[in-house]
Amino acid sequence: MAGTARYKQIVDELATAIRAGDLAAGTRLSTHRELARTHKVAVATATRVYTELAAMGLVSGETGRGTYVRDQQGFHGIDADRALPVARVADLSFNQPHTGEHIENLRQALRNLAGSGDLESVLYQHPPAGRSRDRAIVATHLLDRGIDVAPDHVLLTHGAQHGITTVLSAITRPGDIIAADDLTYPGLLLAARTQHLDIAPVPHTTTGPDLSALEALCSSRPVRAMYTQPTIHNPLGWTLDADTRRQLAGIATRHDCLIIEDATYAFLDDTAAPPLQHYAPDRTIYLASLSKSLATGLRFGYLVTPQPLRDALISSLRVATWGTNPLVTALATTWIADGTLTELEKTRRADARTRQHLAHTALNTLDYTAHPAAYFGWLTLPPPLRADTTASHLAHAGVLISTADTFTTTPHPPHALRLALATTALDDLPEVLKHIHHTITTLPT
Ligand SMILES: Cc1ncc(COP(=O)(O)O)c(C=O)c1O
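None of the values given here were measured: they were computed from a predicted structure.

Parameters and conventions
Residues numbered from 1 in each chain as written. Predicted model: local features only at pLDDT ≥ 70, side-chain atom pairs only at ≥ 80, totals over all residues. Heavy atoms only, no water. Helix = DSSP H or I, 4+ residues; strand = E, 2+ residues; numbered from the N terminus. Rg over C-alpha atoms; globule rule 2.2 N^0.38 Å. Contact = heavy atoms within 4.5 Å. Axes fitted to C-alpha atoms, helices over the stretch in contact; angles between N-to-C directions. Parallel < 35°, antiparallel > 145°, perpendicular 65-115°, else oblique. Left-handed = near helix turned anticlockwise from the far one by under 90°. Nonpolar A, V, L, I, M, F, W, Y, C, P; charged D, E, K, R; others polar. Buried < 20%, exposed > 50% of the residue type's maximum accessible area, 1.4 Å probe, protein only. Right-handed = clockwise from strand over helix to strand, strands pointing away. 1 Å grid on protein atoms, 1.4 Å probe; cavity = no way out; pocket = protein on both sides within 12 Å on 5 of 7 lines; lining within 4 Å. Points joined across faces, edges and corners; volume = space filled by probe spheres on them. Pairing = 2+ DSSP bridges. Phe/Tyr/Trp six-rings, centres within 6.5 Å; stacked < 30°, edge-to-face > 60°. Lys NZ or Arg CZ within 6 Å of the ring centre and 35° of its normal.

J.: When you look at the overall build of the protein in this model, what are you seeing that I'm missing?
T.: On a plain count of helices and strands, the protein comes out with 15 helices and 14 strands. By the compact-globule yardstick of 22 Å for 445 residues, the protein fits well, its C-alpha radius of gyration being 25 Å. For the protein, the C-alpha atoms occupy an extent of roughly 80 × 55 × 35 Å along the three principal directions. Pairs at least 24 apart in sequence give 71% of the contacts found in the protein among residues at least 6 apart.

Quick look at the structure:
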């Protein structure tokens with residue numbers, strides 16, 4: 001026991017020195033024998049220290065030469081496929097929240113997993129919607145979101161997009177009608193297209209979907225499901241009040257239509273009314289992920305299903321993936337269960353508000369609208385500016401922004417841009433926003 005504690009202590013000392021740069025890249029470390037002597041431990045313990053440091057990516061053992069400190073710079077940039085051939089790119093086209101502060105949690109969780117009795121289970125196929133213990137952890141987490149369901153009604157997915165494709169393939173047949181806001185999340189539109197569905201646009205007001213238009217649509221056409229984001233709508237930023245949610249649920253019930261509730265960004269508004277799942281539990285499939293709270297690369301999400309749809313959703317998960325990814329599930333459920341996720345969500349909420357404040361300040365002379373807690377905003381361009389030429393102009397200066405056409409369900413997208421604020425380094429954001437403002441106010445018309 002004492003030996004274990006001592007070995008960990010030496011690992012932590014050396015790891016701290018390497019990360020702080022006190023032991024520079026390329027430094028040759030003491031031999032195993034010297035390390036054992038100076039720290040008064042057995043040679044086997046010293047060997048274990050270096051093995052652990054190597055597993056953490058901090059040192060490398062070079063046969064016959066010794067143990068060296070590795071370069072810690074690595075690759076920190078945006079995925080090369082997303083980058084433009086300019087020296088410096090600010091990506092406001094995609095929200096990839098910063099994970100720097102989470103790296104230590106990842107190291108620790110991987111180390112704990114490596115030493116846990118459950119390790120072997122990551123090599124076995126898990127059931128399509130996840131093991132019951134993992135679903136139970138997510139079900140407990142969902143209580144904080146205002147959802148109180150048995151673990152059997154929670155199905156694990158590989159992220160929210162996987163949740164969307166799973167739901168569409170389980171509940172629709174080609175040609176079915178899905179109602180969606182006239183500006184909505186592009187991943188829904190791509191998924192609907194590949195599944196040969198008909199998206200029926202619902203016009204919006206300044207506070208949410210136009211409910212009379214939705215009612216009229218459902219009265220005139222057989223709408224199978226409505227896709228909706230009641231909290232922090234992407235891209236328009238609204239959070240619906242309780243009364244609007246109740247009315248939406250009423251329309252769905254009157255017209256016997258399912259509700260697909262996408263709550264991917266909902267964690268950012270912790271003052272929102274309960275989810276639609278609360279108002280219409282028998283017809284709502286709720287979905288979300290940890291992409292925007294924890295890390296986009298994790299690919300971990302979940303669905304909450306009414307009992308009658310459960311089997312169809314599980315079949316759809318099974319044909320797509322056979323099972324959940326055990327390694328990712330182990331990490332995600334650890335962070336949910338030990339409170340790491342809750343802490344991170346708090347950090348993200350504060351970060352989003354800071355970034356949104358910067359955007360409101362920098363763009364205050366333009367038609368910019370956003371929820372104060374959202375990681376994105378909607379910028380309607382002053383006529384006669386066009387969205388495509390403005391975005392192309394910005395892209396050539398190294399600023400990537402999405403245009404309204406990718407979000408639109410109607411043939412005539414507005415000339416507007418969607419700004420994703422989470423990816424750019426916070427220190428760079430004011431400058432980038434200033435550049436956007438300058439471009440828009442000085443572009444030749
Ligand atoms: C509203 C909405 N739903 C779903 C997704 C997809 O999330 P995931 O990365 O979990 O697939 C996104 C991603 O941006 C989103 O904005």
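J.: I tried to follow the packing of helix α13 (residues 340–362) against helix α15 (residues 429–442) on my own but got confused; where do I start?
T.: When two helices pack together, their arrangement is given by the angle between their axes and by how far apart the axes lie. Contact pair α13 / α15: the axes reach a minimum separation of 9 Å and the direction vectors enclose 30 degrees. Considering the angle they form, α13 stands roughly parallel to α15. Here the hand of the crossing between α13 and α15 comes out right-handed. Residues R355, L358, A359 and A362 of α13 pack against L429, P430, L433, K434 and H437 of α15. Looking at side-chain class alone, the contact of α13 with α15 contains six nonpolar, one polar and two charged residues.

J.: I'm lost on the environment of P174 in this one. Help?
T.: If you trace the backbone, P174 turns up in the loop between α6 (160–171) and β5 (177–181). Taking C-alpha positions, P174 is 60 Å from A5, a pair spaced 169 residues apart along the chain. Not counting the four nearest positions on each side in its chain, P174 is found in contact with Q195, H196 and L197.

J.: Just checking my understanding: could you explain the pairing of strand β7 (residues 223–228) for this structure?
T.: Consecutive residues of a regular strand have side chains that alternate between opposite faces of the sheet. Burial analysis of β7 places five of its six residues in the buried class, which makes it a mostly covered element. Regarding the hand of the β-α-β motif, the stretch spanning β7, helix α9 (residues 242–254) and strand β8 (residues 258–262) is right-handed.

J.: Explain empty space enclosed by the protein here, please?
T.: In this approach a probe as big as a water molecule rolls over the atoms, and the regions it shows empty are the leftover space. Tallying each qualifying case throughout the model produces three cavities of 30 Å³ or more. Space inside the largest cavity adds up to approximately 80 Å³. Forming the walls of the largest cavity are A179, A180, D181, V202, P209, L214, M226, Y227, T228 and L248. Those elements that place two or more of their residues in the lining of the largest cavity are β5 and β7. Looking at the lining of the largest cavity, its residues break down into eight nonpolar, one polar and one charged.

J.: Mind showing me how you'd approach the sheet that holds strand β10 (residues 301–304) here?
T.: Adjacent strands of a sheet form backbone hydrogen bonds with each other and so pair up, either parallel or antiparallel. Strand order in this open sheet of seven strands is β4-β10-β9-β8-β7-β5-β6, and the pairing throughout is mixed. Two strands lie at the open edges of the sheet, namely β4 (154–157) and β6 (198–202), each paired on one side alone. Along the sheet, successive strands turn relative to each other by an average axial angle of 25 degrees, direction set aside. Summarising the sheet, β4 and β10 pair through four bridges and their orientation is antiparallel. Its bridge partner being in β10, L156 is matched across the sheet by Y302. Sheet strands touched by α6: β4, β5, β7, β8, β9 (284–289) and β10. Its angle to β9, the strand with the most contacts, is close to 155 degrees.

J.: Explain the packing of aromatic side chains to me, please; I cannot follow it from the model alone.
T.: The geometry of two aromatic rings is summed up by the distance between their centres and the angle between their planes. This structure, assessed with the given rule, holds two aromatic pairs. Here Y265 and F376 contribute two aromatic rings whose centre-to-centre distance is 4.9 Å and whose plane-to-plane angle is 75 degrees, an arrangement assigned as edge-to-face. Remark: F376 occurs in strand β12 (residues 376–380) and Y265 occurs in the loop between β8 and α10 (276–279); sequence separation between them is 111 residues. The class for Y265 is buried, based on a relative accessible area of 6%. F376 gets classed as buried once you look at its relative accessible area, which sits at 1%. Here W378 and F407 contribute two aromatic rings whose centre-to-centre distance is 6.0 Å and whose plane-to-plane angle is 85 degrees, an arrangement assigned as edge-to-face. Within this pair, whereas W378 is found in strand β12, its partner F407 is found in the loop between β13 (399–403) and β14 (416–420), the two being separated by 29 residues in sequence. Positioned above the aromatic ring of Y7 is the side chain of R48, whose terminal nitrogen or guanidinium carbon lies 3.9 Å from the ring centre.

J.: Can you walk me through the sheet that holds β13 in this structure?
T.: Pairing within the open sheet is mixed, and its five strands lie in the order β3-β13-β14-β12-β11. One side of each edge strand has no neighbouring strand; the edge strands of this open sheet are β3 (90–92) and β11 (367–369). Pairwise comparison of adjacent strand axes, ignoring direction, gives a mean angle of 30 degrees for this sheet. Bridge count between β12 and β14: five bridges; the pairing is antiparallel. When the sheet's bridge partners are listed, T380 is paired in β14 with A416. Running at roughly 60 degrees to β13, α15 makes contact with β3, β12, β13 and β14 of the sheet.

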